[in-house]
Amino acid sequence: MSIARFSPFELLLLKSRSQVDTATLLLLGWVLVHRQHVSEGQRRRRLAQVTSQFRHGHELGPVMSIAHSQDLHAIQLAAEVVRKECSKERSLSVMHQAITVATDDGDISLANHYILRFLADLLNVTPTTLGTLFQELTGQPLRQPEDPSRDAYWQAHDPDYYARKAREEAEAAQRAKASQAEQEQQQRAKADKQQEKKQKQQKEDARRAKARAEQSSAEQARAEQARQEQARQERARQEQARQEESRRRQQRSSPPPPDRTTRALAVLGLTPGASKTDVRRAYRRMAQLHHPDRFYSESEHQVALASARFQRIKNAYDYLMQTY
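Residues numbered from 1 in each chain as written. Predicted model: local features only at pLDDT ≥ 70, side-chain atom pairs only at ≥ 80, totals over all residues. Heavy atoms only, no water.

Enquirer: Would you take a moment to explain the overall build of the protein for this structure?
Expert: For the protein, the count of helices and strands is 14 helices and 0 strands. For the protein, whose C-alpha radius of gyration is 35 Å, the value lies well above the compact-globule estimate of 20 Å for 324 residues. Overall, the C-alpha framework of the protein stretches about 105 × 70 × 35 Å when taken along its three principal axes. Within the span of the protein, comprising 324 residues, buried residues form 31% of the whole. Long-range pairs, those at least 24 residues apart, make up 69% of the contacts in the protein between residues at least 6 apart in sequence. Of the roughly 22000 Å² of accessible surface on the protein, a fraction of 48% belongs to carbon and sulfur atoms. (Helix = DSSP H or I, 4+ residues; strand = E, 2+ residues; numbered from the N terminus. Rg over C-alpha atoms; globule rule 2.2 N^0.38 Å. Buried < 20%, exposed > 50% of the residue type's maximum accessible area, 1.4 Å probe, protein only. Contact = heavy atoms within 4.5 Å. Areas by Shrake-Rupley, 256 points an atom, 1.4 Å probe, with all protein chains shown as cover.)

Enquirer: Which parts of the structure should I look at to understand the side chain of Thr103?
Expert: Its place among the elements puts Thr103 in the loop between helix H6 (88–102) and helix H7 (110–122). Using a relative accessible area of 5% as the deciding quantity, one classes Thr103 as buried. Dropping the residues within four chain positions of it, Thr103 is found in contact with Arg35, Arg46, Ile108, Phe134 and Thr138.

Enquirer: Sorry, what's going on with the packing of helix H2 (residues 19–33) against H7 here?
Expert: When two helices pack together, their arrangement is given by the angle between the helix axes and by the axis-to-axis distance. Running from amino to carboxyl end, H2 crosses H7 at an angle of 160 degrees, the nearest separation of the two axes being 9 Å. Considering their axes alone, H2 and H7 lie roughly antiparallel with respect to each other. Here H2 runs over H7; the crossing is left-handed. Note on element contacts: H7 touches H2 through Asn112, Ile115, Phe118, Leu119 and Leu122, opposite Leu27, Trp30 and Val31. (Axes fitted to C-alpha atoms, helices over the stretch in contact; angles between N-to-C directions. Parallel < 35°, antiparallel > 145°, perpendicular 65-115°, else oblique. Left-handed = near helix turned anticlockwise from the far one by under 90°.)

Enquirer: How should the packing of aromatic side chains be read in this particular structure?
Expert: The description of an aromatic ring pair rests on the distance of the ring centres and on the angle between the ring planes. The tally for this structure, following the rule as stated, stands at 3 aromatic pairs. Their ring planes at 20 degrees and their centres at 6.4 Å tell us that Phe6 and Phe310 sit as a pair that is stacked. Residue Phe6 is found in the segment before helix H1 (8–15), and its partner Phe310 is found in helix H14 (residues 300–323); the two are separated by 304 residues along the sequence. Accessibility classification places Phe6 together with Phe310 in one group, the buried group. Positioned over the ring face of Phe54 is Arg90, at 5.4 Å from the centre of the ring. (Phe/Tyr/Trp six-rings, centres within 6.5 Å; stacked < 30°, edge-to-face > 60°. Lys NZ or Arg CZ within 6 Å of the ring centre and 35° of its normal.)

Enquirer: What exactly am I supposed to notice about the confidence of the model for the protein here?
Expert: For the protein, per-residue confidence averages 84 on the pLDDT scale, and 91% of positions sit at 70 or higher. Here residues 254–258 is modelled with pLDDT under 50, and outside its nearest four sequence neighbours on either side it reaches 1 contact, counting other chains as well. (pLDDT = per-residue confidence, 0-100.)

Enquirer: What should I look at first to understand the pattern of salt bridges in this one?
Expert: Pairs may arise between side chains of opposite charge once their charged atoms sit close together. Taken as a whole and judged by the stated rule, the model has 13 salt bridges. Measuring nitrogen to oxygen at the nearest pair gives 3.1 Å for the salt bridge that ties Glu10 to Arg284. Of this pair, Glu10 sits in helix H1 while Arg284 sits in helix H13 (residues 276–290), and the two are 274 residues apart along the sequence. The shortest N-O distance in the salt bridge between Arg227 and Glu224 comes to 2.4 Å. In this pair, Arg227 and Glu224 are both assigned in helix H11 (residues 216–253), 3 residues apart and thus about one turn of the helix distant. The class of Arg227 is partly exposed, set by a relative accessible area of 48%. Of the residues examined, Glu224 reaches a relative accessible area of 35% and is grouped as partly exposed. (Salt bridge = Lys/Arg side-chain N within 4 Å of Asp/Glu carboxyl O.)

Enquirer: Please explain the environment of Arg312 as it appears in this structure.
Expert: Mapping Arg312 onto the fold places it in helix H14. The spatial distance from the C-alpha of Arg312 to the C-alpha of His58 is 30 Å, given a sequence separation of 254 residues.

Enquirer: What is the right way to look at unusual backbone geometry in this model?
Expert: In terms of backbone geometry, most residues other than glycine have negative phi values and most peptide bonds are trans. The phi angle at His37 is positive, at roughly 65 degrees, despite the residue not being glycine. The phi dihedral of Asn124 is positive, around 60 degrees, even though this residue is not glycine. Look at Asn124 and you get exposed, because its relative accessible area is 70%.

Enquirer: Hey, could you run me through H13 in this one?
Expert: One full turn of an α-helix is made of 3.6 residues, so residues set three or four places apart face in the same direction. A rise of 1.5 Å per residue sets the reference length of H13, with its 15 residues, at 21 Å; its end C-alpha atoms lie 21 Å apart and thus fit the reference within 8%. Buried residues of H13: Val279, Ala282, Tyr283, Met286, Ala287 and His290, and no others. Down the axis of H13, the sector holding all buried residues measures 130 degrees, keeping them to one side. On its buried face, H13 is in contact with helix H12 (260–267) and H14. (Expected span 1.5 Å × (residues − 1). Arc of directions from axis to C-beta.)

Enquirer: Explanation requested: the side chain of His113 in the structure shown.
Expert: Within the secondary structure, His113 sits in helix H7. Under the relative-accessibility criterion, His113 is labelled buried at 11%. Those residues in contact with His113 that sit more than four places away from it in its chain are Ile108, Leu142, Arg143 and Pro145.

Enquirer: Would you explain the nonpolar core in this entry?
Expert: Here is a general trend for soluble globular proteins: nonpolar side chains tend to be buried in one another's company. Counting 47 residues, the largest nonpolar core has Phe9, Leu26, Leu27, Met95 and Leu119 as its most contacted members. Those elements giving two or more residues to this core turn out to be H1, H2, helix H3 (40–50), helix H4 (61–68), helix H5 (72–85), H6, H7 and helix H8 (127–138). When sequence neighbours within four positions are dropped, the list of residues in contact with Phe9 reads Thr22, Ala23, Leu26, Ile66, Ala74, Leu77 and Ala78. Tyr283, Ala316, Tyr319 and Leu320 belong to the second-largest nonpolar core, a separate cluster that totals 19 residues. (Core = buried A, V, L, I, M, F, W, Y, C linked by side-chain atoms within 4.5 Å.)

If you want it as structure tokens, here you go:
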């Protein structure tokens, strides 16, 4: 059975002993890759310490690779799994773990400021509870993150900001000046080309006038020939119209072909009018639900039935992706 249609994180979920633990691992890894001044080895050791009680049953390496790749689709899928499966107590535990891997002393990166707030919102943890939990774990209050859109941020973090900005403005002005000179040159070249074209046109008009005067009789013959050709084309068009009408009658008399698209949508649990995004989501949901690997402990008959169901789902998805 081909698994090329699944992303690396979806494959991890399919093989995991606990999907919520695997999803939580990715979110914690996402926090860790945004932690500054720590090595990759330190990140993995810290993640292993915090998640030592997890029951996922796979290595941490693939999870950290996905976190480093900033795969937003995988992070979104992990967030959906955690939000669906976490109880209130588990939500507080996940926030505890996220703060633990984000900082030791209350000093966190700008990215993790926003990631912790995102996780708190995802898990229905109020800002007050987040602030209290952060201070209990780090001994420091959770301050508001700095705003990179303000000049004060760049004065503190990049002293050369204004000098670089001035250089960029000077370079932009120089490019604008060069662009204007180039446009003026192109306009002059265009005017010269138009003048040359006009002169050629005048000569061509004079030549054509002389040719028309000398070949009046030939033109009459050509006009007659053109009328005959037009009549022939009209007859051909009429014949083509009769043939087209005959084909339409035959098509109307024959029964319409079965609607394969509607059947394919029905296999994925969708109705006509579903979008391409709906098809992808339905396919992932159905594939996870009916994948044969989920029935490996059942009888051979059950595994065969699951394989047949999965193949129908895959065929329907492939067909819809080709036709949408």
